[in-house]
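If you want the building blocks of each chain, they are given just below.
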Amino acid sequence: MPKRYNQQIRNIAIIAHVDHGKTTLVDAMFTQSGVFRPGQQLDERLMDSMDLERERGITIAAKNCAINWREVKINILDTPGHADFGGEVERALSMVDGAILLVDASEGPLPQTRFVLKKALERDLTLIVVINKIDRKDARPEAVLDEIYDLLIDLDATEAQLEFPLLYAIGRDGIAQADLATQGENLHLLLDTIVREIPPPAFDPEAPLQMLVSDLGYSDYLGRLAIGRLSNGQAKANQNLVFIDESGRPRPLKVTKLQIYEGMRLTPTDGVDSGDIAILAGADNIHIGDTICTADAPMALPRLTVDAPTVSMRFTINNSPLGGREGKYVQSSKLRERLQKETLSNVAIQTEETAERDTVLVKGRGEFQLAILIETMRREGYEFCVGRPEVIYRQEGGQRLEPMEKLFVDCDEAFLGVVTEKLALRKAKMTNLVNNGTGRVRIEFSAPSRALIGLRDEFLTDTKGTGILNAYFDGYGPYRGDFPSRFTGSIVADRSGAAVPYALFNLEPRGHLFVQPGEPVYEGMIIGEHNRDSDLNVNACKEKKLTNIRAAGKDDAVVLSPIKPLTLEQAINFIRADELVEVTPLSIRMRKTVLSMSKRHTLRQKKAKGNG
């Protein structure tokens, strides 16, 4: 039986690098398609629904919405632009037939664009290219178009994929135009292009219901929600269905509620046609990758696969003297439960039990993805400790392989020496250098993934905040040898108490401090970075001995250097293998894994004897 097409529906994803304007463009598409009534009060960046997304100005989770244009429903999926959230990208692309590639008219296609675009080309999606922000003073749309062609050719795009429709846009003003000479008035041209160029979803009219679960949601009233596109057949409310799990076994499912997207809202419906994206309630133990189908014809679709994780971190309970004071959820059972919940809705995250009872190993696509997970849990009231990110190695043919990154650096010529020196120390190899005579250089490196852990902060310091660093995963390569993660040691408190200004003032020459006067400290807590490569145990609670020669308050007014609070990413990047970050809803502290100074000394001696 020949395939049929649902002409009333288009499913598209929006692909762009971080901060190239896709969420702003979606806002304008909402407004111009009539989703909102005139004069309605709107938030900026509606698709950035998480607090973290609004704060950082990035998309973290792929999200769905729908608009209607000329009697055609357009389902839009906003995909993350960061390679660490690749699991989100793969889920989103499994539901669409085409993609809008949005590129900044000044910056051009950057590495994260490349990552998502490669996934889209592998799925043979139809492309529409939109060069955005053409009103920028430094816009160079003609050169950027050449770079887009170069990128597509480099990614082995077919002839058909290279014949893409091209539009120019100012997303902030809600304008799209066919060429640079003609001034646009609205986004009608873009919406018409989507309806005309993106193929409608195909289905087999004789086939029974099949729906691949590409995403999961949760409702306090309905429980777990399965989200996916209907490949074939129709879904109806209160229908008795089955879902096929990873083992291939059909399990019962009663559709308690059926919903579709209208704008940003979920709207109840009695039935959903082939090609549309549906939200089904009624299966509490369904997972991403399962297929929903009828009981009399259970046929599984190919499971959703994502790239394997490359970085792991240890999550453990907070057993410090200050543990349990600031968090709502502190037990290991609560921590496990929350991490397990994350794996259900995020296919790129995996958990693994360890030999230690209170520790869980969490694997992800990059340190940034895990840092976002930690920050999210912290805001939910969880209190726990995390270890240093570690890359996941492989063994093939007796050879040790490690994950590699393609690293792109854009910096001023003056910083070229210090940047290449730092990266050479981290076993990175330069593969290309471009100097256009503008005062800035672009350098490409092949670097181990572990070289990037803690690199960003150092890189921004070295380039005085003017450098741009981007990377994407480039497969596995032979292990390149050891290199130090940090050239400095830690200043560690040797007793519990409150930090005293007099003690901190006398410690300042020894390194850079992290604590303010009056802050609680405990034995084993890291209170600063030592100038030398060894750890230094200090008494941060030491007060000045009083004499009868001068007044008691004479030396109280010591002037300390201002201390900038540590961010979560800085703390994760700073710690060594024998250190942990203590994360609570109110504080971020660093500490030694073994708190007792005498025990650490004993372990060091044993290690030295073992090496000897």
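Residues numbered from 1 in each chain as written. Predicted model: local features only at pLDDT ≥ 70, side-chain atom pairs only at ≥ 80, totals over all residues. Heavy atoms only, no water.

A count of helical and extended segments in the protein gives 14 helices and 37 strands. A burial count over the protein gives 53% of its 612 residues as buried. Taking contacts inside the protein between residues at least 6 apart in sequence as the whole, the part at least 24 apart equals 71%. Taken as a whole, the protein presents about 28500 Å² of accessible surface, with 49% of it coming from carbon and sulfur. (Helix = DSSP H or I, 4+ residues; strand = E, 2+ residues; numbered from the N terminus. Buried < 20%, exposed > 50% of the residue type's maximum accessible area, 1.4 Å probe, protein only. Contact = heavy atoms within 4.5 Å. Areas by Shrake-Rupley, 256 points an atom, 1.4 Å probe, with all protein chains shown as cover.)

Moving on to the pattern of salt bridges. Scanning all chains against the criterion turns up 35 salt bridges. A salt bridge links Asp-104 to Arg-136, with the shortest nitrogen-to-oxygen separation between them at 3.0 Å. Separated by 32 residues along the polypeptide, Asp-104 in strand S5 (residues 98–104) and Arg-136 in the loop between strand S6 (126–132) and helix H5 (141–154) bring together distant segments of the chain. We classify Asp-104 as buried; its relative accessible area is 0%. (Salt bridge = Lys/Arg side-chain N within 4 Å of Asp/Glu carboxyl O.)

Grouped together as the largest cluster of nonpolar side chains are 41 residues, with contacts concentrated most on Leu-117, Ile-131, Ile-148 and Leu-152. Not counting the four nearest positions on each side in its chain, Ile-131 is found in contact with Val-103, Ala-105, Pro-141, Val-144, Leu-145, Ile-148, Leu-166, Leu-167, Tyr-168 and Ala-169. (Core = buried A, V, L, I, M, F, W, Y, C linked by side-chain atoms within 4.5 Å.)

As a further point, take the packing of aromatic side chains. Under the criterion given, the structure shown has five aromatic pairs. Geometrically, the ring pair formed by Tyr-393 and Tyr-479 is edge-to-face, given 5.7 Å between the ring centres and 75 degrees between the ring planes. You can see Tyr-393 sitting in the loop between strand S24 (390–391) and strand S25 (394–396) and its partner Tyr-479 sitting in the loop between strand S29 (468–478) and strand S30 (489–493), a full 86 residues away along the chain. Overall, Tyr-479 belongs to the partly exposed group, its relative accessible area being 23%. Here Arg-394 stacks its cationic end above the ring of Tyr-476, 4.0 Å away from the centre of that ring. Cation over ring: Arg-400 sits above Tyr-393, and NZ or CZ is 4.1 Å from the ring centre. (Phe/Tyr/Trp six-rings, centres within 6.5 Å; stacked < 30°, edge-to-face > 60°. Lys NZ or Arg CZ within 6 Å of the ring centre and 35° of its normal.)

So, on to unusual backbone geometry. Outside of glycine, negative phi angles account for most residues, and trans bonds account for most peptide bonds. At Asp-124, a position not held by glycine, the phi torsion is positive, near 60 degrees. With respect to the helices, strands and loops of the structure, Asp-124 is situated in the loop between helix H4 (111–122) and S6. Its identity as a non-glycine residue notwithstanding, Asn-238 has a phi of 65 degrees, on the positive side. In this fold, Asn-238 is placed in the loop between strand S12 (235–236) and strand S13 (240–244). On the basis of relative accessibility, which here comes to 52%, the residue Asn-238 falls in the exposed class.

Another aspect to go through is the confidence of the model for the protein. On average, residues of the protein score 82 in pLDDT, and 89% of them reach the 70 mark or higher. Averaged over each element, pLDDT in the protein is lowest for helix H2 (residues 51–56) (46) and highest for strand S23 (residues 384–386) (93). Counting contacts from residues 37–50, a segment whose pLDDT is below 50, to residues more than four positions away or on other chains yields 35 contacts. Within the model, the stretch residues 52–62 combines pLDDT values under 50 with 48 contacts to residues more than four positions away or in other chains. (pLDDT = per-residue confidence, 0-100.)

All right, on to the sheet that holds strand S16 (residues 265–268) then. Reading across from one edge, S14-S13-S19-S10-S11-S18-S15-S16 is the order of the eight strands in this open sheet, with antiparallel pairing throughout. Bordering the open sheet on either side are strand S14 (250–254) and S16, each of which pairs with just one other strand. Neighbour to neighbour, the strand axes of the sheet diverge by 40 degrees on average, direction disregarded. (Pairing = 2+ DSSP bridges. Axes fitted to C-alpha atoms, helices over the stretch in contact; angles between N-to-C directions.)

Assignment of secondary structure puts Ala-160 in helix H6 (residues 159–162). By relative accessible area, Ala-160 is classed as exposed at 64%. Between the alpha carbons of Ala-160 and Leu-127 there is a distance of 9.6 Å; along the sequence they are 33 residues apart.

Below, the discussion takes up the side chain of Asn-232. If you trace the backbone, Asn-232 turns up in strand S11 (residues 223–232). Of note is the side chain of Asn-232, whose polar atom sits 3.0 Å from the side chain of Gln-210. Those residues within four positions of Asn-232 in sequence are excluded, and the remaining contacts are Phe-203, Asp-204, Ala-207, Pro-208, Leu-209, Gln-210 and Ser-274. (Polar contact = N/O pair within 3.5 Å; in protein donor to acceptor, adjacent residues only side chain to side chain.)

Looking now at the packing of helix H10 (residues 416–425) against helix H11 (residues 455–462). Running from amino to carboxyl end, H10 crosses H11 at an angle of 155 degrees, the nearest separation of the two axes being 10 Å. As summarised for this structure, H10 and H11 are arranged roughly antiparallel, according to the angle between their axes. Crossing of H10 against H11: the hand is right-handed. The residues of H11 that touch H10, namely those facing Val-418, Val-419, Lys-422 and Leu-423, are Leu-455, Glu-458, Phe-459 and Asp-462. (Parallel < 35°, antiparallel > 145°, perpendicular 65-115°, else oblique. Left-handed = near helix turned anticlockwise from the far one by under 90°.)

Orientation of helix H1 (residues 22–32) relative to helix H7 (residues 188–197), taken along the N-to-C sense of each, is 90 degrees, at an axis distance of 10 Å. As summarised for this structure, H1 and H7 are arranged roughly perpendicular, according to the angle between their axes. Of H7, the residues touching H1 (which contributes Leu-25, Met-29 and Gln-32) are His-188, Leu-190, Leu-191 and Ile-194. Here the residues of the contact of H1 with H7 sort into five nonpolar, two polar and no charged. (Nonpolar A, V, L, I, M, F, W, Y, C, P; charged D, E, K, R; others polar.)

Below, the discussion takes up the environment of Gly-282. Looking at the secondary structure, you find Gly-282 in the loop between strand S18 (277–281) and strand S19 (291–293). Aside from chain neighbours lying at most four places away, what touches Gly-282 is Arg-224, Leu-253, Lys-254 and Thr-256.

With five of five residues buried, S18 lies mostly within the body of the structure. In S18, alternate side chains face the same way, and those of Ile-277, Ile-279 and Ala-281 on one face and Ala-278 and Leu-280 on the other are all buried. Bridge count between S11 and S18: five bridges; the pairing is antiparallel. Counted as the bridge partner of Arg-229 is Ile-277 from S18. Sheet analysis places strand S15 (residues 257–262) next to S18, joined by four bridges and oriented antiparallel.

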